[in-house]
Amino acid sequence: MPQYAYPDGDDSDGPWVNQAGNNTNLYASIDDTQSSHDDNTTYIQVTDGASTPICSVTLGDTVTSPEAGENAYIKYRAVSTNNGMGTLGLKVELLQDTTPKFTSTTGSVGTSYTDYSLTIGDHSSITDWTALKLRFTLLNDGSGMMDVLKVTQAYVEAPAEASSSVPIAAIAMNTYRQMRN
């Protein structure tokens, strides 16, 4: 059964704001569960042309030792307006503390709400699943037409917890020893 890590705190707001137009508790505007989202009520947004258009949120520490060899995913839902001639892009990074562990760029975020799923193939470099953050960077289109990019949901889906079962040979050996005594 997959494990999920949802935003649980603001790390750096930059010029991003929530649906109320302020930068208070941005994480709460994108922490919807994997099975629910409300595009028009909660979201974070940034306007084209903003300087240093970066936002990062911390993730909850609910993921523990995921199974090796299975894919993990960054999932988010986003939309952009296109008042100008260009398109808005979004760089999404998974950080462990301040170290990037995965980076992906969507060159053109759709003008209708779109679900994005970024596959993190080898996640063995993540050594502390309780110290994860998601960082969003707007890739400006340079049109200066005040285009807006919104993110309405974001989370990490990790594989099931690694099995801590004892190998069958060890169980058999212990049983044999107990029977001999």
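One structure accompanies this document, and this report is about it. All of these numbers come straight from a predicted model, not from anything done at the bench.

The rules behind the values
- The numbers attached to residues start from 1 for each chain and follow its sequence in the written order.
- Thresholds applied to this predicted model are a pLDDT of at least 70 for local features of residues and 80 or more for the giving and counting of side-chain atom pairs; totals over whole chains, interfaces and linings are not thresholded and use all residues.
- Excluding hydrogens and water, the side-chain values take into account all heavy atoms of the structure.
- Helix and strand labels come from DSSP, where a helix needs a run of H or I of at least four residues and a strand needs a run of E of at least two; each type is numbered from the N terminus.
- Note on contacts: a residue pair is in contact if any heavy atoms of the two residues lie within 4.5 Å.
- Three labels apply to residues, based on accessible area from a 1.4 Å probe with only protein chains included: buried if under 20% of the type maximum, exposed if over 50%, partly exposed otherwise in between.
- Here is the rule: rings of Phe, Tyr and Trp (six-membered ring for Trp) pair when centre to centre is within 6.5 Å. Planes less than 30 degrees apart are stacked, more than 60 are edge-to-face, and the remainder are tilted.
- Only when the NZ of Lys or the CZ of Arg is both within 6 Å of the ring centre and within 35 degrees of the ring normal is a charge said to sit over the ring.
- Any carboxyl oxygen of Asp or Glu that lies within 4 Å of a side-chain nitrogen of Lys or Arg is treated as forming a salt bridge with it.
- Two strands pair under a simple rule: DSSP has to find at least two bridges between them.

Concerning the overall build of the protein chain
Working step 1: When helices and strands are tallied, the protein chain shows one helix and eleven strands.
Working step 2: Put simply, of all contacts in the protein chain between residues at least 6 apart along the chain, 80% involve residues at least 24 apart.

As for the environment of A28
Working step 1: Following the sequence through the fold, A28 ends up in the loop between β3 (17-18) and β4 (44-47).
Working step 2: Using a relative accessible area of 34% as the deciding quantity, one classes A28 as partly exposed.
Working step 3: Residues A28 and P7, spaced 21 residues apart in sequence, show a C-alpha to C-alpha distance of 7.2 Å.

Considerations on the packing of aromatic side chains
Working step 1: Applying the stated criterion to the full structure yields five aromatic pairs.
Working step 2: For the ring pair Y4 and Y6, a centre distance of 6.1 Å and an interplane angle of 20 degrees mean the geometry is stacked.
Working step 3: A centroid spacing of 6.3 Å and a plane angle of 45 degrees characterise the contact between W16 and F136, whose relative ring orientation is tilted. Highlighted residues: W16 in the loop between β2 (7-12) and β3 and F136 in strand β10 (residues 132-139), separated in sequence by 120 residues.
Working step 4: Taken together through their ring pairs, the aromatic side chains of Y4, Y6 and Y155 make up a single cluster.
Working step 5: Note that K75 overlies the ring of Y73, its terminal NZ or CZ placed 5.3 Å from the centroid.

Considering the pattern of salt bridges
Where charged atoms from two side chains of opposite charge approach closely, those side chains can pair.
Working step 1: One pass over the full model with this rule turns up five salt bridges.
Working step 2: Note that K133 is salt-bridged to D11, the shortest N-O span being 3.4 Å. Here K133 is found in strand β10, whereas its partner D11 is found in strand β2, with 122 residues between them in sequence.
Working step 3: Since its relative accessible area comes to 40%, D11 is described here as partly exposed.
Working step 4: In this structure, D115 engages R77 in a salt bridge whose closest nitrogen and oxygen atoms are separated by 2.9 Å. Of this pair, D115 sits in strand β9 (residues 114-120) while R77 is found in strand β6 (residues 72-80), placing the two residues 38 residues apart along the sequence.
Working step 5: Look at D115 and you get exposed, because its relative accessible area is 53%.
Working step 6: A relative accessible area of 11% places R77 in the buried class.
Working step 7: Three or more residues are tied together by salt bridges with common partners; here these are D39, R77 and D115.

Re the pairing of β6
Working step 1: Burial runs high along β6: seven of the nine residues are buried.
Working step 2: Alignment of β6 against β9, held across seven bridges, turns out to be antiparallel. Bridge assignment links R77 to a residue of β9, and that residue is D115.
Working step 3: With eight bridges joining them, β6 and strand β11 (residues 148-158) adopt antiparallel strand pairing. In the sheet register, Y76 faces β11, and the bridge partner there is A154.

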